[in-house]
Every structure is written in C-alpha cells, then in structure tokens.
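# Observations on chain architecture
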Amino acid sequence: MLIVAAIIVDHLSKPSKLLCAQRSAPPDLDGMWEFPGGKQEIGEAPVEALRREIYEELGVEITVGSVFPKSTLSNGIYEDWPLPNKKDMRLWFATIKNGEADPLPLQDHHQLVWKNFNEALELPWLMGDVPIILALAQQFRN
C-alpha cells in the first residue's frame, strides 16, 4: 500500500513557502507535523488518491505538480520515501487551485501553517517526514 502526500507550496515554479500540518490524531502522533495525505485505496491511481486525501483533510482542491522522489533511478523510475511503518510514501508538489478557499484542518489536524523551508525545519516533524523536510530545505534555501 502506497502512502500519498502533498508538499503544498505557494508557487509550483518557484516555491518559497509550504503548508505544514500539525497532527491531532492518533494520540501518539498528536502535536507532530507532517505533509498532508493518506493511503491509496485499491483500484485508485496515486494522483487520484492524493486529490481525494487532500480534499478530505483540508477541504481544498489542488493542482498537482511534479513528484519529489527520494531519488530517481537510472531507468527513470522514482524511488519513494521509506516510512518507519515499512510503507513507502510518494510526494508531489502541489498548489491550492485558484479560487479555492483557504485550507482548513478538517481531519486529524490541529492547525495548518505556512512556513518558508528553513522555518519549517524548526517544527517537530514525524520521524518519516524528517528526511523529506531536510531535503526540501537544502534544495530551497531561503
């Protein structure tokens, strides 16, 4: 089962800020920060799953950009990010579609905040998301 998540940014072409989501559930993850997303369901395409999960969690539609892989193999296949629960997570850059209201923490989140990539490093991220936020901060130094 693939976990899908969005790196929601202010601009796809030249991102300077990203949306960070603070977990409210389950209790052992309460207060930790993550990239919003969830599980791909059987028969669902990964990008379809991403759009569904973001709409369920934040109440907004997104424009999906490129994948942010752990690495790209020589044959062009993306290597997904491994998670501590032995699942893999695939992330895409995304923006909130024009005309949409601001995202809301509708499901499993206390709050959402926009941070530049360096500011985001200061938040206590879920263990599986730490290497991702470090890679993002290195790529998009503010």
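The structure presented is a predicted model; accordingly, all values stated were derived computationally and were not measured. (Residues numbered from 1 in each chain as written. Predicted model: local features only at pLDDT ≥ 70, side-chain atom pairs only at ≥ 80, totals over all residues. Heavy atoms only, no water.)

## Description of a nonpolar patch on the surface
What counts, and what does not: Patch members must show over 30% relative accessible area and no salt bridge, and they are joined within 9 Å when carrying like charges or within 5 Å when they are nonpolar side chains of Val, Leu, Ile, Met, Phe, Trp or Tyr. Only the protein chains shown count as covering a residue, and every accessible area follows the Shrake-Rupley method with a 1.4 Å probe. One side-chain nitrogen of Lys or Arg within 4 Å of one carboxyl oxygen of Asp or Glu is enough to make a salt bridge. What counts as a helix is a DSSP run of H or I of at least four residues, what counts as a strand is a run of E of at least two, and both are numbered from the N terminus. Remark: exposure states derive from per-residue accessible area (1.4 Å probe, protein chains only) relative to the maximum for the residue type, with buried under 20%, exposed over 50%, and partly exposed in between.
On the surface, a cluster of nonpolar side chains totalling about 220 Å² of accessible area is made up of Leu121, Val130 and Leu134. Of note, leucine 121 is situated in the loop between helix H2 (117-120) and helix H3 (130-139). Its relative accessible area of 35% is what places leucine 121 among the partly exposed residues.

## Notes on the sheet that holds strand S10 (residues 109-116)
The condition that has to hold: Two strands pair under a simple rule: DSSP has to find at least two bridges between them.
Pairing is antiparallel in the open sheet, where three strands are placed in the order S3-S2-S10. Each end of this open sheet is capped by a strand with a single partner; those strands are strand S3 (33-34) and S10. As paired strands, strand S2 (residues 17-23) and S10 are joined by seven bridges and run antiparallel to one another. Its bridge partner lying in S10, glutamine 22 is registered against glutamine 111.

## A word on the packing of aromatic side chains
How we decide: In this scheme Phe, Tyr and Trp rings, the latter by its six-membered ring, pair at centre separations within 6.5 Å, and the angle between planes marks the pair as stacked below 30 degrees, edge-to-face above 60, and tilted otherwise.
This structure, assessed with the given rule, holds five aromatic pairs. Look at phenylalanine 68 and phenylalanine 93: their rings are 5.5 Å apart centre to centre, the planes differ by 70°, and that puts the pair in the edge-to-face class. Highlighted residues: phenylalanine 68 in the loop between strand S5 (62-67) and strand S6 (71-72) and phenylalanine 93 in strand S9 (residues 88-96), separated in sequence by 25 residues. Considered together, phenylalanine 68 and phenylalanine 93 belong to a single accessibility category, that of buried residues. Look at phenylalanine 117 and phenylalanine 140: their rings are 4.9 Å apart centre to centre, the planes differ by 25°, and that puts the pair in the stacked class. With a gap of 23 residues between them, phenylalanine 117 in helix H2 and phenylalanine 140 in the segment after H3 connect regions that are remote in the sequence. Through a chain of ring-to-ring contacts, three or more aromatic side chains come together here, namely Phe68, Trp81, Phe93, Phe117 and Phe140.

## Digging into the side chain of glutamate 53
In plain terms, the rule: Throughout, a residue-residue contact means that at least one pair of heavy atoms, one from each residue, lies within 4.5 Å.
Residue placement: glutamate 53 occurs in helix H1 (residues 46-58). Taking the relative accessible area as the measure of exposure, glutamate 53 reaches 10% and is therefore buried. Filtering out sequence-adjacent residues up to four positions away, glutamate 53 remains in contact with Gly37, Gly38 and Lys39.

## Looking at the pattern of salt bridges
Evaluation of the coordinates by the stated rule reveals seven salt bridges. When the shortest N-O distance is used, the salt bridge between lysine 97 and glutamate 61 registers 3.8 Å. Here the residue lysine 97 occupies a position in the loop between S9 and S10, and glutamate 61 occupies one in the loop between H1 and S5, the gap between them amounting to 36 residues. Residues aspartate 80 and arginine 90 are paired through a salt bridge, measuring 2.8 Å at the closest nitrogen-oxygen approach. Taken together, the residues span a long stretch of sequence, with aspartate 80 in the loop between strand S7 (78-79) and strand S8 (81-82) and arginine 90 in strand S9 at a distance of ten residues. The class of aspartate 80 is buried, set by a relative accessible area of 14%. The partly exposed category is assigned to arginine 90, whose relative accessible area is 22%. Connected through shared salt-bridge partners, Glu41, Glu44, Arg52, Glu53 and Glu56 make up one network.

Such coordinate-based values are descriptive only and should not be taken to indicate function.
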